[in-house]
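# Structural overview
Residue-level listing of the chains:
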Amino acid sequence: MMPSFRSLAPVIAFAVVYAAVSLLVTNSYYQLVMTLVLVWAVFGLSWNLLSGYTGLISFGHAAFFGIGAYTTALGQIYFDLSPWLLIPIAAMLGGLAGLLVGFPTFRLQGHYFALAMLAYPLAILYVFEWLGFQEVTLPIKRDNPLAYMQFSDGRAYTLLALAMLIGTILLSQWIERSRFGMALLAIKQNEAAAEAAGINTLVWKLRAITLSGAIAGAIGAFYAIVLLVVTPQSVFGMLVSAQALTVAMFGGVGTVWGPVIGSVILIPLAETLNAEAGTRFPGIQGVIFGLAIICVILVAPEGLFWKVRDLVRKRRAIASPEPLSAPQISDRPREPATVLSALPNAPAKVGIPQDIALEVRGLSRSFGGLRAVQDVSFRLRRNSILGIIGPNGAGKTTLFNLMNGFLRPDAGEVLIDGHNTVGRKPHELCEAGIGRTFQIMRPFQRMSISDNVVVGAYVHARTATEAGKLASEAIARVGLSAIAHRMAGELTTKELRLMELARALAGQPRILLLDETLAGLGHGEADEVVAVIQQLAKQDVTIAIIEHTMQAMVRLVDSFLVLDHGAVLVEGEPETITRDTRVIEAYLGKKWAAHAQH
Amino acid sequence: MLSIEGLSAGYSAIPVLNGVSIKVEAGQFVAIVGPNGAGKTTLFKTISGIVKPSAGAITFEGKDLLAVGASQRAHLGIAHVPEGRQVFPSLTVMENLEIGAMTEAGRRDWKQNIERIFEWLPVLAERRAQFAGTMSGGQQQMLAVGRGLASSPKLLMLDEPSMGLSPAIADFIFERLIEIRRQSDLTILLVEQRVAEALESADHGYVLEAGRVVLEGNNQTLRADDRVRRAYLGM
Amino acid sequence: MTQFLEGFLQALFAGLLIGAIYGLMCVGLGLIFGVMRVINFAHGDFMMLGMYAAFYCFTALGIQSLFGNTAGPFVAILMAGPILALFGYLVHRALISRVSGTRTSLLEGDGHYAQLILTLGIALILQNGGLIVFGSVLASIRTPLSSSAWELGPFFDISIFVNKARGIDAVVSLTTMTLLTLLITRSRLGKSMRAAADNPVAATYMGIDVDRAHRFAFALGTGVTAIAGGLLATNYPFQPFVGLEYVIVMYAGVVLGGMGSITGAFWGGMTIGLVQQMSTIVLPTQLQNAAIFVVFLLIIFFRPQGFFGRMVERT
């Protein structure tokens, strides 16, 4: 994947300008500051790689940084190895540490994850202090300085750090564009939805933390070489983790330029204040970072980069307003028809061999004493639309979760083409052809419809081009082609629902599980979405849909499956179901059903 | 007493209520029925102040209710018995009732109220030291009702009291409600899944569907109307 | 044999005494987490401020001259409680309330990270600001009681020595704990806080101002931990970064006790104190703290719901 000139240009420009400025600096202290800015930028980028992209905030990245620092220090002291060799070794150890940390810790939720990550570097700190490494100094090599990365001119360090930064930026940019980045963003947005879209979330998170740890280890090693002194507090301490976090969050989370901006602003500020006022106000550095974090989280939680970009976009939108979307919307219902005519002839429903796309047999699941799903059995006929309905708490979403791999049933089978899929994880089922939408949507606000949809294409696509093609096709099938470039943050509820549908379609499912796709839509809008869903069934997709809005459902589905208290009440066609006494009873109460017979 | 006009409300991007107007006169028993997703719970949440409406007005005893903060509304005399009971599980039955009585009126009338509550709902008296979280669904529902009554309310709002309960227990609770209403001059606003029961005891009923009032009337007029069934089942 | 037994019992007693203080410390954090579900990274630093508050009350404000060296420190420590409670109240009002409480209860999960990061920022400011204001010189609250001990025994040739200062610390701690428990279980404010903790929405229906309950919980939790800090300060010297050393102790105790249970937090803290002191029997002193980390990580991985909390279902 060749990087475009647009993305390379700012990197090259930055590198050239920074190198030029650093060459002009003659004061050795300021040369050090120039180097440190880059060190923290790289560290921030490594933090960003895990926490910025996946949303799993790590408070313990100092663990990897410190491991890298000590690898270099001890490696040079005890084994007389050159940093040129030690930095790659530190990277490997950092990556390994990431993997070891990630494996158990990713199982934890929410604050437990944060607390565990906090604990690791602090625990290691105590161990290193106990081991007696209170202060480790790197020996000065006068006879062969270059082999040991000891330059007399501080600017050499800056240039070396710049090279590392450029490398990390390019790596991050590559990741952002690739399926790696897509997977991470999908995880950040909605981990369950990502799993259902075919993304093996654990594997991608482990990859992210391993890479993140490797980069942190490498830059930690470099840090030790620059400062020549390593203490447990200076590389494992809380301020170290906090700085990586602050620099990235202040500058902009989840973007390559965020940590760079944050570092360029905060580090010189902190260092200068430390130098000027450090004796009178020791610890001014920490105060600055503390204030920076607080300001960021209260005023611009996503960082400077995004805030500025949003402001600029708003100004541009005001200056040149886009044409109204309304006329385009009314065109849309016709689109599926035109697309349909372009596809090879889909066979008419009458005459299709009635084979079964999916069968559920005796599925049961309890939570504690509550039987959420009780012995449910039904069949999904190919290319049909089944509506799953029932009063509140009837177990409908639990049923989907069981079919989709999010929950393990206590008993029963889910058969696709005769194979029992119980026990397989959601992303595997997605590969097998089951697509799913969710009730609560959380799209990537700042990304276009195309980018939001392409995430779902990677389950079968092998290259980015193929993924893009599948995504465009899916977008066309739901009728959003005209606005495929528009950002998700600007869409209406109906457009968002169609986008969700498109993402599920991009994975080329044979079976679609739709969870309350019509929720929040007005009458007219619901009709439009219903039309799209009907087209899909004609195009060889089998659909099961959970919904409350009966008005739309009765015209959409071929048959209903009515659940009550987790068990199947009755199955049948809309006309019969809506007059069935048992169904009326379940919805309106026994008494009403009884006298309504008259 | 309570007047809702043109109320629209929802959650972030999703609109739920769309121009709902409902009137409850003092001393009346009003029932609201309708399918899931119609907005019944959202309506109650908006009256109680948890959800902010995007349009419309609510007046309570002539005062603009929307100008009053959520935690103040109980003190005006509005008691909300929430969907799913929502008792305080790690507090005892007695403590739950005491919390309910933390309004001015509640504190003033505590002595009489607690006697009457124990009379109407004896199981609460028996289990007053038990932790609410360990009680059965039916008992918790009674506690939730008792808690609401402890605030000495003018308006008692009940959100699906029969939900999750067996028909026998649901009937019992309903019975108690009717009894309570007979013996006091409480105004009641009830949301119910069981349409017949709700309309029978109520003076007036509203049918809510997809965020709008589609039918209203009393038990006589609504009983024979097939549109009620269609509101739930679509056809 | 008797020597081992004596060493064992001595460590046990030491663990109980220090555990009583740790327990109080954890209760403060447990109160905040139990009622508000806020992770407060800065809690150790509030404790540090409590230590300095007690110190300055004792020395600069004349408590030492008024009450002398024996009773004085304890008076100063008890004064530090309300001072820090007020400080906590203001911090909550100005900052914490923006990322917690009813405002963010509708934001799923996002509120949590904001709290973590905000309190991290506060921690940094308090630690480093403390360095600027107080300097890095170790301070402590001197009392002659810390250099004398009561002797229990000898029973069967075994004597246990109970350090007087630590003994009184434990008494003060337990008394505070008892008063706090009474406040929470009997008073209206306490009941409102518990209701707000159990079910903030239902509490609002009942007319409880949940945000106000949160503010009180935060203030109370801060004040209580400040007192615990002051008690610790009579035994160990401290400096502005002392909070970091105890953050893990506090979290380990709260998690061990079951996040959400206040009495659980006390027992959790007590357990951590025992682990710390008794681990000296087998481990070198420097690894004491590492032992706590190991325990902490083990709990998080294998029993995150803790041991002592009352298992009551949450609606």
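Residues numbered from 1 in each chain as written. Chains lettered and ligands numbered in written order. Predicted model: local features only at pLDDT ≥ 70, side-chain atom pairs only at ≥ 80, totals over all residues.

## Remarks on the overall build of chain B
If you tally the helices and strands in chain B, you get 11 helices and 10 strands. Over its C-alpha atoms chain B spans a radius of gyration of 17 Å, differing by no more than 12% from the 18 Å that the globule rule assigns to 235 residues. Principal-axis analysis of the C-alpha atoms gives chain B an extent of 50 × 40 × 30 Å. Relative to its 235 residues, chain B shows a buried fraction of 53%. For chain B, restricting intrachain contacts to residue pairs at least 6 apart in sequence, the fraction spanning at least 24 positions comes to 68%. (Helix = DSSP H or I, 4+ residues; strand = E, 2+ residues; numbered from the N terminus. Rg over C-alpha atoms; globule rule 2.2 N^0.38 Å. Buried ≥ 20, exposed ≤ 12 C-beta atoms within 10 Å, placed from the backbone. Contact = placed C-beta atoms within 7 Å.)

## Regarding the overall build of chain A
In terms of regular secondary structure, chain A is built from 26 helices and 12 strands. If one aligns the C-alpha atoms of chain A with their principal axes, the spans along those axes are about 100 × 55 × 45 Å. Expressed as a percentage of the 598 residues in chain A, the buried residues total 51%. Contacts in chain A between residues at least 24 apart in sequence constitute 74% of all its contacts with a sequence separation of at least 6.

## Observations concerning the nonpolar core
Proteins that are soluble and globular tend to have nonpolar side chains buried together. The biggest cluster of nonpolar side chains holds 385 residues, and the ones touching the most others in it are A:Ala502, C:Ala54, C:Ala252 and C:Phe296. For this core, the element with the highest residue contribution is helix H1 (residues 2-36) of chain C, accounting for 16 residues. (Core = buried A, V, L, I, M, F, W, Y, C linked by C-beta atoms within 7 Å.)

## Thoughts on the packing of helix H11 (residues 238-251) of chain A against helix H12 (residues 257-277) of chain A
All names here are of chain A. Closest axis-to-axis distance for the H11/H12 pair is 6 Å, and the angle between their directions is 110°. Taken together, H11 and H12 sit at an angle that is classed as roughly perpendicular. Counting all contacts with H11, which are made through Thr246, Val247, Ala248, Phe250 and Gly251, the residues of H12 involved are Trp257, Gly258, Pro259, Val260, Ile261, Gly262, Ser263 and Leu266. A class-by-class count of the residues in the contact of H11 with H12 yields eight nonpolar, five polar and no charged. (Axes fitted to C-alpha atoms, helices over the stretch in contact; angles between N-to-C directions. Parallel < 35°, antiparallel > 145°, perpendicular 65-115°, else oblique. Nonpolar A, V, L, I, M, F, W, Y, C, P; charged D, E, K, R; others polar.)

## Considerations on the environment of C:Leu174
Note on placement: C:Leu174 falls in helix H5 (residues 164-186). Along the sequence, C:Leu174 and C:Gly23 sit 151 residues apart, while their C-alpha atoms lie 9.0 Å from each other.

## Considerations on helix H7 (residues 179-189) of chain A
Residue and element names in this part refer to chain A. Burial analysis of H7 places nine of its 11 residues in the buried class, the great majority of the element. Inspection of H7 places Arg179, Gly181, Met182, Ala183, Leu184, Leu185, Ala186, Ile187 and Gln189 among the buried residues, and these make up the whole buried set. Elements that come into contact with the buried residues of H7 comprise helix H2 (28-54), helix H6 (154-177), helix H8 (191-196), helix H9 (201-227) and helix H19 (449-454).

## Here we look at the interface of chain B and chain A
With 19 residues of chain B at the contact, the number on the chain A side is 24 residues. Counting only elements with at least two residues in the side of chain B that touches chain A, the list comes to strand E2 (14-24), helix H9 (195-201) and helix H11 (226-233) of chain B. Looking at side-chain class alone, the side of chain B that touches chain A contains 11 nonpolar, five polar and three charged residues.

## With respect to the pairing of strand E3 (residues 29-33) of chain B
Residue and element names in this part refer to chain B. Within E3, five of the five residues are buried, leaving the element largely enclosed by the surrounding structure. Inspection of the sheet shows E3 paired to strand E8 (residues 187-191) by four bridges, in the parallel sense. Across the sheet, Val30 pairs through a bridge with Leu189, a residue of E8. Here E3 runs beside strand E9 (residues 204-209); their pairing, made up of four bridges, is parallel. Paired with Ile32 across the strands is Tyr206, a residue of E9. (Pairing = 2+ DSSP bridges.)

## As for the sheet that holds strand E6 (residues 411-416) of chain A
Strand pairing in a sheet relies on backbone hydrogen bonds. The paired strands run either parallel or antiparallel. All names here are of chain A. Ordered by their spatial adjacency, four strands build an open sheet running E4-E3-E6-E7, and the pairing between neighbours is antiparallel. With one partner strand each, in any of the chains shown, strand E4 (370-381) and strand E7 (419-420) form the two edges of the open sheet. Looking at chain direction, E6 and E7 are connected through two bridges and run antiparallel. Residue pairing in the sheet places Ile416 in a bridge with His419 of E7. Strands in contact with helix H17 (residues 396-404) are strand E3 (356-367), E4 and E6; relative to E4, the strand with the most contacts, it is inclined by about 65°.

## Considerations on the sheet that holds E8(B)
All names here are of chain B. The strand order E6-E7-E8-E3-E9-E10 describes an open sheet built from six strands, whose pairing is mixed. Of all the strands in the sheet, just strand E6 (78-81) and strand E10 (212-217) have a single pairing partner and so form its edges. When strand polarity is set aside, the average angle formed by the axes of neighbouring strands in this sheet is 15°. Where H11 meets the sheet, it contacts E9 and E10, and its direction lies at approximately 155° from that of E10.

## Observations regarding the interface of chain A and chain C
With 34 residues of chain A at the contact, the number on the chain C side is 34 residues. For the side of chain A that touches chain C, the elements supplying multiple residues, two or more each, are helix H5 (110-130), H11 and helix H13 (284-299) of chain A. Per-element tally for the side of chain A that touches chain C: the top contributor is H5(A), with 13 residues. A per-class count over the side of chain A that touches chain C returns 27 nonpolar, six polar and one charged.

## Some thoughts on the packing of helix H2 (residues 43-59) of chain C against helix H9 (residues 242-257) of chain C
Residues and elements named next belong to chain C. For the pair H2 and H9, interaxial distance at closest approach is 8 Å and the crossing angle is 125°. Relative to H9, the element H2 is oriented oblique. Where H2 crosses over H9, the two elements pack in a sense that is right-handed. Only Val242, Gly243, Leu244, Tyr246, Val247 and Met250 of H9 make contact with H2, whose side of the interface consists of His43, Gly44, Asp45, Met47, Met48 and Met51. Residues of the contact of H2 with H9, tallied by class, amount to eight nonpolar, three polar and one charged. (Left-handed = near helix turned anticlockwise from the far one by under 90°.)

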